[in-house]
Amino acid sequence: MTINIRFLPDDVTIQAEVGESLLDIADRAGVSIPTGCLMGTCHACTVELDDGEIIRACITPVPPGKEELTIHLFSDPTW
């Protein structure tokens, strides 16, 4: 199943498969998400979903059951 992933504030939308890594999708879309450890512990890849949930893109796959997922990117000057 494919869903639309929308990255803000860049306003880039791309189709992705359920279970696909959010970090891989961002890379394919040309959207930069900072990374550090790639295991979720450093929180460099923290993003926010439309419902306010804070997730780490490096360890989060596209969830099932949605038609669209909007991801709000943070700008952290320490990364």
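Coordinates for the structure precede this section.
Right, let's walk through the structure included here. The model shown is predicted, which means the values in this text are computed figures rather than measured ones.

Topic: the overall build of the protein chain
Within the protein chain one finds one helix and five strands. Here the C-alpha radius of gyration of the protein chain, 12 Å, is about what a compact globule of 79 residues would show, namely 12 Å. Taken along the three principal axes of its C-alpha coordinates, the protein chain extends 35 × 25 × 25 Å. Considering the protein chain as a whole, with its 79 residues, one finds that 34% of them fall into the buried category. In the protein chain, the proportion of contacts linking residues at least 24 apart, taken out of those at least 6 apart, comes to 47%. Carbon and sulfur atoms make up 49% of the accessible area of the protein chain, which amounts to about 4600 Å² in all.

Here we look at the nonpolar core
Formed by 21 residues in total, the largest nonpolar core has its most connected members in Ile5, Phe7, Leu22, Ile25, Ile33 and Ile71. It is helix α1 (residues 22–29) that contributes the most residues to this core, four residues altogether. Apart from the residues lying within four places of it in its own chain, the contact partners of Phe7 are Val12, Ile14, Leu22, Ile25, Ala26, Ala29, Val31, Ile33, Ile71 and Leu73.

Digging into unusual backbone geometry
What you tend to see is this: most non-glycine residues have negative phi, and most peptide bonds are trans. Omega for the peptide link from Leu8 to Pro9 comes to 10°, which places this bond in the cis form. Among the secondary structure elements, Pro9 is positioned in the loop between β1 (2–8) and β2 (12–17). The residue Leu38 is not glycine, and still its phi comes out positive at about 65°. Phi at His43 takes a positive value of approximately 65°, unusual for a residue other than glycine. Here His43 is to be found in the loop between α1 and β3 (46–49). Since its relative accessible area comes to 42%, His43 is described here as partly exposed.

Quick word on the sheet that holds β1
Across a sheet, strands are paired by hydrogen bonds formed along the backbone, either parallel or antiparallel in direction. Across the sheet, which stays open at both edges, the five strands sit in the order β2-β1-β5-β3-β4 with mixed pairing between neighbours. Every interior strand has two partners, whereas the edge strands, β2 and β4 (54–56), have only one. Across the sheet, the axes of successive neighbouring strands diverge by a mean angle of 35°, strand direction being ignored. When β1 meets strand β5 (residues 68–73), the two strands line up parallel, connected through five bridges. Bridge pairing links Asn4 to Glu68 in β5. Where α1 meets the sheet, its contacts fall on β1, β2, β4 and β5, and the angle it forms with β2 comes to roughly 135°.

Conventions adopted
Residues numbered from 1 in each chain as written. Predicted model: local features only at pLDDT ≥ 70, side-chain atom pairs only at ≥ 80, totals over all residues. Heavy atoms only, no water. Helix = DSSP H or I, 4+ residues; strand = E, 2+ residues; numbered from the N terminus. Rg over C-alpha atoms; globule rule 2.2 N^0.38 Å. Buried < 20%, exposed > 50% of the residue type's maximum accessible area, 1.4 Å probe, protein only. Contact = heavy atoms within 4.5 Å. Areas by Shrake-Rupley, 256 points an atom, 1.4 Å probe, with all protein chains shown as cover. Core = buried A, V, L, I, M, F, W, Y, C linked by side-chain atoms within 4.5 Å. Pairing = 2+ DSSP bridges. Axes fitted to C-alpha atoms, helices over the stretch in contact; angles between N-to-C directions.

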